[in-house]
Number of protein chains: 2
Amino acid sequence: MFKLSRMTDYGVVLLSSMAQRPDCLSTAPDLADRTMLPAPTVAKILKALAKGQVIVATRGAQGGYSLARPAADITVAEIIAALDGPVALTACVDGSDDNCSVERLCPLAGGWNRINLAVKAALDDVSLADLISECGMSDPAFGAAPGITLQQ
Amino acid sequence: MFKLSRMTDYGVVLLSSMAQRPDCLSTAPDLADRTMLPAPTVAKILKALAKGQVIVATRGAQGGYSLARPAADITVAEIIAALDGPVALTACVDGSDDNCSVERLCPLAGGWNRINLAVKAALDDVSLADLISECGMSDPAFGAAPGITLQQ
DNA sequence: CAATACAGTACTTATTTAGTCCTGTTTATA
DNA sequence: TATAAACAGGACTAAATAAGTACTGTATTG
Ligand code: SF4
Ligand code: SF4
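Calculation notes
Residues numbered from 1 in each chain as written. Chains lettered and ligands numbered in written order. Predicted model: local features only at pLDDT ≥ 70, side-chain atom pairs only at ≥ 80, totals over all residues. Heavy atoms only, no water. Least-squares fit on C-alpha atoms with pLDDT ≥ 70 in both. Contact = heavy atoms within 4.5 Å. Near = heavy atom within 4 Å. Polar contact = N/O pair within 3.5 Å; in protein donor to acceptor, adjacent residues only side chain to side chain. Helix = DSSP H or I, 4+ residues; strand = E, 2+ residues; numbered from the N terminus. Nonpolar A, V, L, I, M, F, W, Y, C, P; charged D, E, K, R; others polar. Buried < 20%, exposed > 50% of the residue type's maximum accessible area, 1.4 Å probe, protein only. Lys, Arg positive; Asp, Glu negative; His and termini not counted. Salt bridge = Lys/Arg side-chain N within 4 Å of Asp/Glu carboxyl O.

(A) A look at the relation of the copies chain B and chain A. Note on the identical chains: chain B maps onto chain A by a rotation of 180° and an axial translation of 0.0 Å, with an RMSD of 0.0 Å. Put plainly, the chains are arranged around a two-fold axis. If distances are taken from each C-alpha of chain B to the rotation axis, the shortest is found for B:Val119, at 2.7 Å. Both copies present the same face, since 95% of the interface residues in chain B are matched by interface residues at the equivalent positions in chain A.

Here you go:
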């Protein structure tokens, strides 16, 4: 159905929550509480985001995660790449991990490149900050206290 | 991994094959032969494309399918919509079939709309004819005889 | 009326994704 | 320096989705 994986969706929710506290670290259990998402899943997503250098981790007691850059410099394409792998609509476009088994025979091989690039460009054009500002989340009411995000 | 479903990919391959014979009908078994794809799957895809009005069916003996419009007037977005449902990156964008369970609580609800529209626009901008011409398939060597498409 | 070909739907299997768990490493602080 | 907090990494299980198959029904040609 051509949709984002739930991981990516959750990832953005988590990042948005982190963006509300730009100056302090957020721990995985903390974020799970704030967003009402299951803790193990949150931990998994954060690890992937850290690996993709979207966020940076501070280890040890009093550690946690923080955004690697200001929200305006984090693109949606990066987030998707960190959580879902590279954008590759078909197996035969440049940058895809896997190979289509009939690529050598298929007359269309390579034809998807242009579309893939267009989609990637669209995703590259939107930052985390854009996403947040477009839905009223930058409203000062949000983020005032832990738990306000996804709870009522 | 943010990719097209195999159905959609196959669908485009089938449509390309049909586009090579604009003036005659192609039957499902015939297309299966030409593309080397499994016959039942081909039949399923063609039914979906017909339902989505990308191709038109002629029933009865000597029947078959043909493109509903010239290849230049069929967009990739239409093909995806016919085979995979509407483009809806998340459950909360306009036009999505399903509803996110936390939509009423999620601060990001609706924030994806802009991205979704951008992706849709990118897909709307490319026609079947573009796709074909970009990979050398319009080369007269292709389509000369049945079976040349995906066979060697 | 017999053969061909699409329409629709239900079902099974395969693949992918999501979710869980466990073990190891790093670091602040008492 | 011992302890607890917190991340890293990977293995495993369960759930959801997609793919593939099969069958019954309807329309059309000759
Ligand atoms: S080579 Fe052909 S069948 Fe394979 S992914 Fe590309 S377009 Fe699809
Ligand atoms: S409402 Fe929030 S969690 Fe649900 S699909 Fe939209 S962005 Fe994702």
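Still to come is the rest of the account.
(B) The protein's contact with DNA strand C, seen in detail. Taken together, 24 residues sit near DNA strand C, with A:Arg6, A:Lys44, A:Arg59, B:Lys47 and B:Tyr65 positioned nearest. Close to the protein, within 4 Å, the atoms of DNA strand C are drawn from sugar and phosphate at a rate of 69%. Within the backbone of A:Arg6, a nitrogen or oxygen atom sits 2.5 Å from a phosphate oxygen of DNA strand C. At 3.4 Å, a backbone N or O of A:Gly60 approaches a base oxygen of DNA strand C. Going through the elements one at a time, α1 (6-19) and α3 (39-51) of chain A together with β1 (55-58) and β2 (64-67) of chain B are the ones with two or more residues in the surface near DNA strand C. When the residues that make up the surface near DNA strand C are grouped by side-chain class, the tally is 10 nonpolar, 9 polar and 5 charged.

(C) Expanded view of the side chain of B:Asp84. Structurally, the position occupied by B:Asp84 is in helix α4 (residues 76-84). For the buried B:Asp84, no salt bridge is present, and the opposite-charge side chain at shortest range is A:Lys3, 9.7 Å distant. Polar side-chain contacts of B:Asp84 include one of 2.8 Å to the side chain of B:Ser5. If sequence neighbours within four positions are ignored, B:Asp84 has contacts with A:Met1, B:Ser5 and B:Thr8.

What is shown is where atoms sit, not what they do.
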